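What follows is each chain in one-letter form.
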Amino acid sequence: MLIIVIRTLILYVAVIFSLRIMGKRQIGELQPSELVVAIMISDLATVPMASVNIPLLSGLVPVLTLIIAEVITSYMSLKSRRMRKFITGEPSVVIYDGVINERELERLRFNINDLIEELRIAGCCDIADVAVAVIETSGKLSVIPRDGARGVTVEDMKLGNVRRGGLPCAVISDGRINKAELERSGKSEKWLLNEIKKYGAKDVGGVFFASVDAEGEIYVQLKGDARAKERRRVI
């Protein structure tokens, strides 16, 4: 029993390591070649996992071979447009200026019901409101609405005093300062320590989470405090 547990854990680590080598994109949207590799890895790993009579290398070697092949294929796709087109294909325009491309749908074996369903998921109920709809290489439908059907933007409304967007900098996480994020925020460690003291924290260890957004607004949550506090401070 102990041997089975150990073999399972080894293969588990090997599969996770393999997916990490393949890259983060493989975890999200799989291309056809990546999907094949993911399925084959799972199948190959289960064989030595279920039977102790099969050598562990019989599962590890094929998995390693597939990973090497996938990395080489990804590199070739990166460098060669022809290879990229052969492996992953190209995006297909299925709607242009409110008109459905019947030939392209037929070539992709994508029926009209599937198309309408994907449009609804994308938040578009009327084909006439679609400027361009593209089926990406991952199989997802990207929709670009007409100007009259898209949402109102800040530029359209010509608003002046608008808060800047952007990814907040997580400067403190679980009582520790993230120096890379603090540097990205443009703030100093001295400034940060002064700010958290205003919320009752004696030191960084008393802060569960703190972030600084693009406007310089700091968000602070102390450890054991269910209520988050925030303070606006314009850069």
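Model, not experiment: these values are computed from the prediction.

Engineer: Whenever I open this one, the confidence of the model for the protein chain confuses me. Can you help?
Structural biologist: Taken as a whole, the protein chain shows an average pLDDT of 78; of its residues, 79% reach a score of 70 or greater. Here residues 228-235 is a poorly scored stretch, pLDDT under 50, and it has 30 contacts once near neighbours within four places are set aside; other chains count.

Engineer: I'm lost on helix α10 (residues 189-197) in this one. Help?
Structural biologist: Given 3.6 residues per turn, any residue in an α-helix points the same way as the ones three and four places further on. Turning to α10, its buried residues are Trp191, Leu192, Glu195 and Ile196. Within α10, the buried residues cover an arc of 125 degrees as seen down the axis, which keeps them to one side. When the buried face of α10 is taken as reference, the exposed residues oriented beyond 90 degrees from it are Lys190 and Lys197.

Engineer: I would appreciate a short explanation of the environment of isoleucine 41 in the present structure.
Structural biologist: Relative to the helices and strands, isoleucine 41 resides in helix α3 (residues 32-50). Owing to a relative accessible area of 2%, isoleucine 41 belongs among the buried residues under this scheme. Taking the C-alpha atoms as reference, isoleucine 41 lies 8.1 Å from proline 62; in sequence the two are 21 residues apart.

Engineer: Is there a simple way to think about the sheet that holds strand β2 (residues 99-100) in this case?
Structural biologist: By definition, the strands of a sheet pair up through backbone hydrogen bonds, in either a parallel or an antiparallel sense. Strand order in this open sheet of 4 strands is β2-β1-β3-β4, and the pairing throughout is antiparallel. Looking along the sheet, the strands with just one partner apiece sit at the ends: β2 and β4 (141-145). Where strand β1 (residues 92-96) and strand β3 (residues 130-135) come together, 4 bridges link them in antiparallel fashion. Opposite tyrosine 96, over in β3, you have valine 132 as the bridge partner. Sheet contacts for helix α7 (residues 112-121): β1, β2, β3 and β4; angle to β4, the most-contacted strand, approximately 65 degrees.

Engineer: Even after reading the chapter, I still don't get the packing of aromatic side chains, so can you show me in this structure?
Structural biologist: Between two aromatic rings, the relevant description is the distance of the centres plus the angle of the planes. Per the counting criterion, the structure on display carries 1 aromatic pair. Over the aromatic face of tryptophan 191 sits the side chain of lysine 187, whose NZ or CZ is 4.7 Å from the ring centroid.

Cut-offs applied
- Residues numbered from 1 in each chain as written.
- Predicted model: local features only at pLDDT ≥ 70, side-chain atom pairs only at ≥ 80, totals over all residues.
- Heavy atoms only, no water.
- pLDDT = per-residue confidence, 0-100.
- Contact = heavy atoms within 4.5 Å.
- Buried < 20%, exposed > 50% of the residue type's maximum accessible area, 1.4 Å probe, protein only.
- Helix = DSSP H or I, 4+ residues; strand = E, 2+ residues; numbered from the N terminus.
- Arc of directions from axis to C-beta.
- Pairing = 2+ DSSP bridges.
- Axes fitted to C-alpha atoms, helices over the stretch in contact; angles between N-to-C directions.
- Phe/Tyr/Trp six-rings, centres within 6.5 Å; stacked < 30°, edge-to-face > 60°.
- Lys NZ or Arg CZ within 6 Å of the ring centre and 35° of its normal.

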